[in-house]
Amino acid sequence: MRERTLERVRKLLAKAERTDNEHERATFMAAASALMAKHGIDSLPPAGTRQAPGDRIVTLPNPWSREKARLVSLVAQAVRCRPLLIGRGEAGGQRVHVFGFAADLERADLLATSLLLQMASGLARVRVPGDVTAVRAYRRSWLLGFTDEVYRLLRVAESQAEEASTGAALVLADRRAEVERVVAAHYPNIRVSVPRTSGTGYRDGVAAGRRADLGRTGMTTDTAPELTPGR
């Protein structure tokens, strides 16, 4: 991402972090995510230009490694990358193999590293309702709800940026096809799975995801201490 664009995103997020007004915070967050989506469209090459997709493998440590891997996967998918869950690494934790073009891989990395920590801090603030007996199931459904809402909001921003661009649809279709060809060469047999949710934690996680800062940068993917089992 161009440094000038990154600086604009940082300034918007600084304003969001300083205000106590939820409406103002939501406005700054929406502007930051829209700016990142626009950057994704502006970085597209002219139609007919040949580029090769790249890839990277992300390892998400325990605890909650599957839920964190799902967040990384859906964030990558939202910004036009192709993620695949490829099982556990040598040290445990889940691995996600992400394919995409350079600008989209960069955006996926910036967003996912930020949102992993936002999800951790959100989970740390969760107060499980007194009538909930399956606490871990509640927390897991909260994490899934957070992830699904973040994905929905990112897709809205991406779709709006695509619709505002003349001629982007053909280029994007060609790039999707190119990414899929690379994925098929690596993994000819792909199996799809859908996580199950339970409890009211999902609804509360959705609400938290709606408030997420979709453009914060500069985070790392180290396990946050708040994401510990049974907390």
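Think of each chain on its own: its residues are numbered from 1, step by step along the sequence as written. Reporting of local features is limited, given that this is a predicted model, to residues whose pLDDT is at least 70; pairs of side-chain atoms are given and counted only at 80 or more, and all residues count toward the totals for whole chains, interfaces and linings. The basis for every side-chain value is the complete set of heavy atoms in the structure, and neither hydrogens nor water enter the calculation.

1. A closer look at the sheet that holds strand β2 (residues 82-88)
Piece 1. Spatial strand order, β1-β3-β2: three strands in an open sheet with antiparallel pairing. Edge positions in the sheet fall to β1 (54-60) and β2, since each of these pairs with one other strand and no more. Averaged over neighbouring strand pairs, the angle between their axes works out to 20 degrees when direction is ignored.
Piece 2. When β2 meets strand β3 (residues 94-100), the two strands line up antiparallel, connected through five bridges. One bridge is not enough; two strands pair if DSSP finds at least two bridges between them. Secondary structure elements are defined from DSSP: runs of H or I of at least 4 residues count as helices, runs of E of at least 2 residues count as strands, and each element is numbered from the N terminus. With axes taken as lines fitted to C-alpha atoms, and helix axes fitted only over the stretch in contact, angles between N-to-C directions fall between 0 and 180 degrees.

2. Some details on the packing of helix α4 (residues 102-125) against helix α5 (residues 135-163)
Axes are the key here: two packed helices are described by the angle between their axes and the distance separating the axes.
Piece 1. Relative to each other, α4 and α5 sit at 145 degrees, their axes nearing to 11 Å. Helix-helix and strand crossings are classified by hand; for α4 and α5 the assignment is right-handed. For the pair α4 and α5, contact is made by Arg 107, Leu 111, Leu 115, Gln 118, Met 119, Gly 122 and Leu 123 and by Arg 139, Trp 142, Leu 143, Phe 146, Thr 147, Val 150, Leu 154 and Glu 158, respectively.
Piece 2. Ten residue types, Ala, Val, Leu, Ile, Met, Phe, Trp, Tyr, Cys and Pro, are classed as nonpolar, four, Asp, Glu, Lys and Arg, as charged, and the remainder, Gly among them, as polar. Classifying every residue of the contact of α4 with α5 gives nine nonpolar, three polar and three charged. For any pair of crossing helices, the crossing counts as left-handed if the nearer helix is rotated counterclockwise from the farther one by less than a right angle, and right-handed if it is rotated clockwise. Residue contacts are counted whenever heavy atoms from the two residues lie within 4.5 Å of one another.

3. Overview of the environment of Ala 102
Piece 1. Locating Ala 102 in the fold gives a position in helix α4.
Piece 2. Relative accessibility thresholds used throughout: buried, under 20% of the residue-type maximum; exposed, over 50%; partly exposed, between the two (1.4 Å probe, protein chains only). When its relative accessible area of 62% is taken as the criterion, Ala 102 is described as exposed.

4. Quick look at the environment of Asp 109
Piece 1. Tracing the backbone shows Asp 109 in helix α4.
Piece 2. For Asp 109, a relative accessible area of 38% puts it in the partly exposed group.
Piece 3. Remark: the alpha-carbon pair of Asp 109 and Ala 76, spanning 33 residues in sequence, is separated by 7.9 Å.

5. Digging into the confidence of the model for the protein
Piece 1. For the protein, the average pLDDT comes to 78, and 74% of its residues sit at 70 or higher.
Piece 2. The predictor attaches a confidence to each residue, called pLDDT, with possible values from 0 through 100. Model confidence for the protein, summarised as mean pLDDT per element, is weakest for helix α7 (residues 201-210) at 68 and strongest for β3 at 96.

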